[in-house]
Amino acid sequence: MATLRKLKGKWYIRVRLPNSREKLIGTGTSDEREAKRLMKKVQEKEFMVKAKLVDEFELEPLTLRDAKDRFKAYCKRKNLREETIRSYSSSLENLFLVIRPSSSVRTLNKQVLQKLQDNLSERDLKESSININLRSVRAFINWLHREKLIPEKIDIDFLKEDRNLPKLLLPDELDKIYAKCTDDKMRSTFRVYEFLGLRLSELHQCVRDGDFVRVTAENAKGRKERIIPLPLEIENDFKLATTNPYKAMHITKTFTKLRIKAKIVAGKTLHSLRHTFAVRMLLQTDNIELVKNLLGHSDLKTTEIYLKFPPEYLKSVLTEKMSTKVLSPPAEA
C-alpha cells in the first residue's frame, strides 16, 4: 500500500511495485493534507498496476511543467552542453504556448504537436528553426517514454527544408564589413572566426597550443575535441579576441549592424565566416576529410555540402584571401 515520506520539506508517495521495486512519486507540496489527497488517488490505481491491468506510468499524475524540470535535471546529469539544454528549454516553452504546462504529460498527442508546428509557422520561422524546435520536443517525448511516464512515443512530422548552398562572405564583402568596424577588438574577433572556422560559442573556450588552437571536447558541439592551425597573420588577433572576449550575443548583434551598414545582402551572418573558412580550406587542401576534422563535423555528409561549389567558382571569388598557409594538426600523442 502506498505510504507518505517527507524529504527536504516535501512529501513523496512511496509505492511498492511488482518485483519488489519501489517508486517515489513527488507531490510537490509540503502540505500533509494535500499530500494525503494525492496519495489516495495513487492508491486507487496501485492495485491495478500490481494486477497488470494498467501500466506503471498511470500511477503518476505528472504535469508537463514538472516533467520539463525533471528532463532538464536529466540533461545536466548526462553532462549535455548548456547550449543544448537552453535549446531544449526554449523549445518546450514554445510547446507550452499551445498546451497548458499544468496539463498532464498524458495529454500530449499528435494533435498537440501539429498545433505546435502551426504556431511556429505562423510566427514566420524558417523551416530549419521549426525543425530544431520539433527535434527538441521529440527528445523530451522519447525521455518521457523511457521513464514510463507516457505509454508510447508520438511520431513527429518534420518539415522539408530547402538545401541551399552555404552563404559565403566574399573578399570584397569582408573588406567592407571590416572597414565599417571601428573597434579593433571586435575586428580581431571577426578575423578569428574567419580564419579558424569557429562556432559562435567556441571562441570563449578555445586555447592556444603552440601553432594551433585547441577546441576542448567539453565545449565543442558533440563533445568532440579538435585542433585547428593558427595562421601567423592572426596571432595578435587571437590574443586580443580571446582576452576577456566579448559576449556571444554582442558579437552577433554587432556583426549584423555592420553587415547592414556595409550594404551586404541579408542572410549572411557571423556563421557565414565559418562557411567561408570551410570552402577556403577545401580549395587549399583538396582534402574533404581534413576539412571535416577542422570543422568538427561528426559525419562526412555534413561537410560534403561544400563540394557542391565548383572549384573554378571558388578560385574566382576567393583567390584574394588564399595567402594563408594551411598547417597539419599535430600527431596524437
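Because the structure is a prediction, the values reported are computed rather than measured. (Residues numbered from 1 in each chain as written. Predicted model: local features only at pLDDT ≥ 70, side-chain atom pairs only at ≥ 80, totals over all residues. Heavy atoms only, no water.)

A. Expanded view of the packing of aromatic side chains. A full pass over the atoms with the stated rule returns eight aromatic pairs. On the basis of an interplanar angle of 20° and a centroid distance of 6.3 Å, the ring pair of phenylalanine 140 and tryptophan 143 is categorised as stacked. With phenylalanine 140 and tryptophan 143 both in helix α5 (residues 127–146) and three residues apart, the pair spans about one turn of that helix. Of the two residues examined, phenylalanine 140 and tryptophan 143, each falls in the buried class. Here phenylalanine 309 and tyrosine 313 contribute two aromatic rings whose centre-to-centre distance is 6.2 Å and whose plane-to-plane angle is 10°, an arrangement assigned as stacked. Phenylalanine 309 sits in the buried class, given a relative accessible area of 8%. Taken together, the aromatic side chains of Phe71, Tyr74, Tyr88, Phe140 and Trp143 make up a single cluster linked through ring pairs. The ring of phenylalanine 158 carries the charged tip of arginine 135 above its face, separated from the ring centre by 5.5 Å. The positively charged end of lysine 185 is found above the aromatic ring belonging to tyrosine 246, 5.6 Å away from the centroid. (Phe/Tyr/Trp six-rings, centres within 6.5 Å; stacked < 30°, edge-to-face > 60°. Helix = DSSP H or I, 4+ residues; strand = E, 2+ residues; numbered from the N terminus. Buried < 20%, exposed > 50% of the residue type's maximum accessible area, 1.4 Å probe, protein only. Lys NZ or Arg CZ within 6 Å of the ring centre and 35° of its normal.)

B. Structural detail: the side chain of serine 136. Within the secondary structure, serine 136 sits in helix α5. By relative accessible area, which is 3% here, serine 136 ends up buried. Polar contacts involving the side chain of serine 136 include one to the side chain of serine 91, which spans 3.3 Å. Excluding residues within four positions of it along the chain, serine 136 makes contact with Ser87, Tyr88 and Ser91. (Polar contact = N/O pair within 3.5 Å; in protein donor to acceptor, adjacent residues only side chain to side chain. Contact = heavy atoms within 4.5 Å.)

C. Spatial organisation of the pattern of salt bridges. Counted by the stated rule, this structure contains 17 salt bridges. The shortest N-O distance in the salt bridge between glutamate 202 and arginine 226 comes to 2.7 Å. Taken together, the positions of glutamate 202 in the loop between α7 (184–196) and β4 (207–209) and arginine 226 in strand β6 (residues 226–229) put the pair 24 residues apart, joining distant regions of the chain. Taking the relative accessible area as the measure of exposure, arginine 226 reaches 4% and is therefore buried. A cluster of three or more residues bridged by salt bridges with shared partners is formed by Arg65, Lys68 and Glu93. (Salt bridge = Lys/Arg side-chain N within 4 Å of Asp/Glu carboxyl O.)

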